[in-house]
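Given next are the chains, with one letter for each unit.
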Amino acid sequence: MKDALRKFFARRGALPAACYLLTLAGWLVLGAWNFGSDAVSRAEGTLTEQQISLGEFQLVDLDAQEGGYTSTSSDPQIILEDVSDRVVRTLSYQAEFDSEPREMCLYYTTAVGEPYSQDKRVFPTIGEDGSYIYTLPRTTIVSLRLDPCSPDATDPVTVQFAGDAITLNDADALPSGLAYWLPSWYQLFCFLLYPALAAAILSWLRAVWQELRTRGK
């Protein structure tokens, strides 16, 4: 076995090939793990689609009016203080703004009492139906704070939410089937880059080790 491995790694390109194969194997295992954990959460009833009325959120610097919700500062917030009893993968909604909303993001916390920070926030993508979709990392989510817009303090923005509600775990926004194994463009870039870097570093370390062994004889 040892001789077979030595012969394999003596071949040109064997080290990069091994790094890419290990990365591929890890990606397949990760996809299977995510698929399985979601299946278990669905079976337990903790990963379900939920439409939550805006009335159930804590609104900060947002005034409810007949035409929607109008910002009263440059930092309006929509807060759901406790989602620890469920698995949250996505938050999505359809909305119309009467002027440019500027920055939109979703903050999350992973521990009780933890403050919101820029280290734990995600930005939306636009769905085929025009909805705003925030995809959260696969971790325990304790609370959520949606910043629907970041207007100028002197130029308020009015936002009107379709159905006056926000959806958690919209079925169309969740992965299914092979989607668990399909990488994003950024993940594909990392898949191409990091195994090559790892192979280069290992190759350099092997050359250094061989040089030290030669000098020690």
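Residues numbered from 1 in each chain as written. Predicted model: local features only at pLDDT ≥ 70, side-chain atom pairs only at ≥ 80, totals over all residues. Heavy atoms only, no water.

J.: How do you make sense of the overall build of the chain when you look at a structure like this?
T.: Assigned secondary structure in the chain consists of three helices and 14 strands. Taken over C-alpha atoms, the radius of gyration comes to 24 Å for the chain, far larger than the 17 Å a tight globule of 217 residues would show. Reported as C-alpha extents along the three principal axes, the dimensions of the chain are approximately 85 × 40 × 35 Å. With 217 residues in all, the chain has 33% of them scored as buried. For the chain, long-range pairs separated by at least 24 residues make up 74% of all intrachain contacts whose partners lie at least 6 apart in sequence. Working note: accessible area of the chain is about 13700 Å², and carbon and sulfur atoms make up 57% of it. Here the chain contributes 17 positively and 27 negatively charged side chains, and the mean placements of these two sets differ by 30 Å. (Helix = DSSP H or I, 4+ residues; strand = E, 2+ residues; numbered from the N terminus. Rg over C-alpha atoms; globule rule 2.2 N^0.38 Å. Buried < 20%, exposed > 50% of the residue type's maximum accessible area, 1.4 Å probe, protein only. Contact = heavy atoms within 4.5 Å. Areas by Shrake-Rupley, 256 points an atom, 1.4 Å probe, with all protein chains shown as cover. Lys, Arg positive; Asp, Glu negative; His and termini not counted. Charge placed at Lys NZ, Arg CZ, Asp CG, Glu CD.)

J.: Would you mind showing me how to read a negative patch on the surface here?
T.: Residues Glu49, Glu128, Asp129 and Asp172 make up a contiguous surface patch of negative charge. The exposure class assigned to glutamate 128 is exposed, which follows from its relative accessible area of 91%. (Patch = residues over 30% accessible without salt bridge, like charges linked within 9 Å, V, L, I, M, F, W, Y side chains within 5 Å. Salt bridge = Lys/Arg side-chain N within 4 Å of Asp/Glu carboxyl O.)

J.: Help me understand the packing of aromatic side chains in this model?
T.: Two measures describe an aromatic ring pair: the distance that separates the ring centres and the angle between the ring planes. The tally for this structure, following the rule as stated, stands at ten aromatic pairs. Seen in terms of ring centroids, tyrosine 69 and phenylalanine 161 are 6.2 Å apart; in terms of plane orientation they differ by 65°. Their pairing is edge-to-face. Of this pair, tyrosine 69 sits in strand β4 (residues 68–71) while phenylalanine 161 sits in strand β13 (residues 158–161); the two residues are 92 residues apart in sequence, bridging distant segments of the chain. On the accessibility criterion, tyrosine 69 (9% relative accessible area) is buried. (Phe/Tyr/Trp six-rings, centres within 6.5 Å; stacked < 30°, edge-to-face > 60°.)

J.: Sorry if this is basic, but what is going on with the nonpolar core here?
T.: If you look at the biggest cluster of nonpolar residues, it comprises 29 residues, and the most contacted ones within it are Leu91, Tyr93, Tyr134, Leu144, Phe161 and Ile166. Counting residues per element, the ones that place at least two in this core are β5 (77–80), β6 (90–93), β7 (95–97), β8 (105–109), β11 (132–135), β12 (143–147), β13 and β14 (165–168). Aside from chain neighbours lying at most four places away, what touches leucine 144 is Ile78, Ile79, Leu80, Val83, Val88, Leu91, Leu106, Tyr107, Tyr108, Tyr116, Leu136 and Leu168. (Core = buried A, V, L, I, M, F, W, Y, C linked by side-chain atoms within 4.5 Å.)

J.: Just to check I follow, could you spell out the pairing of β8 for this structure?
T.: Regular strands show a simple pattern: their side chains alternate between the two faces of the sheet. Burial runs high along β8: five of the five residues are buried. Residues of β8 alternate between two faces, with Cys105, Tyr107 and Thr109 on one and Leu106 and Tyr108 on the opposite face, all of them buried. Note that β8 and β12 share five bridges and pair antiparallel. From the neighbouring strand, cysteine 105 faces β12, where its bridge partner is aspartate 147. Taken together, the two bridges between β8 and strand β9 (residues 121–122) define a ladder with antiparallel strand orientation. Within the sheet, the bridge partner assigned to leucine 106 lies in β9 and is valine 122. (Pairing = 2+ DSSP bridges.)

J.: Would you mind showing me how to read the pattern of salt bridges here?
T.: Note on pairing: side chains with opposite charge can pair once their charged atoms come close. As enumerated under the stated definition, the model contains six salt bridges in all. Arginine 121 is the partner of glutamate 103 in a salt bridge, and the nearest nitrogen-oxygen pair spans 3.4 Å. Here glutamate 103, found in the loop between β7 and β8, pairs with arginine 121, found in strand β9; they are 18 residues apart in sequence, far enough to count as distant. Looking at glutamate 103, the relative accessible area reads 39%, which means it is partly exposed.

J.: Which parts of the structure should I look at to understand the sheet that holds β5?
T.: Sheets are built from strands paired through backbone hydrogen bonds, the pairs being either parallel or antiparallel. With antiparallel pairing, the five strands of this open sheet are ordered in space as β2-β5-β12-β8-β9. Each of the sheet's edge strands pairs with one partner strand only, and the pair in question is β2 (58–60) and β9. The pairing of β2 with β5 spans three bridges and is antiparallel. From the neighbouring strand, leucine 59 faces β5, where its bridge partner is isoleucine 78.

J.: Even after reading the chapter, I still don't get the pairing of β6, so can you show me in this structure?
T.: Burial along β6 is two-sided: Thr90 and Ser92 facing one way and Leu91 and Tyr93 facing the other are all buried. Sheet topology places β6 next to β11; four bridges connect them, and they run antiparallel. Following the sheet pairing, threonine 90 is matched in β11 by threonine 135.

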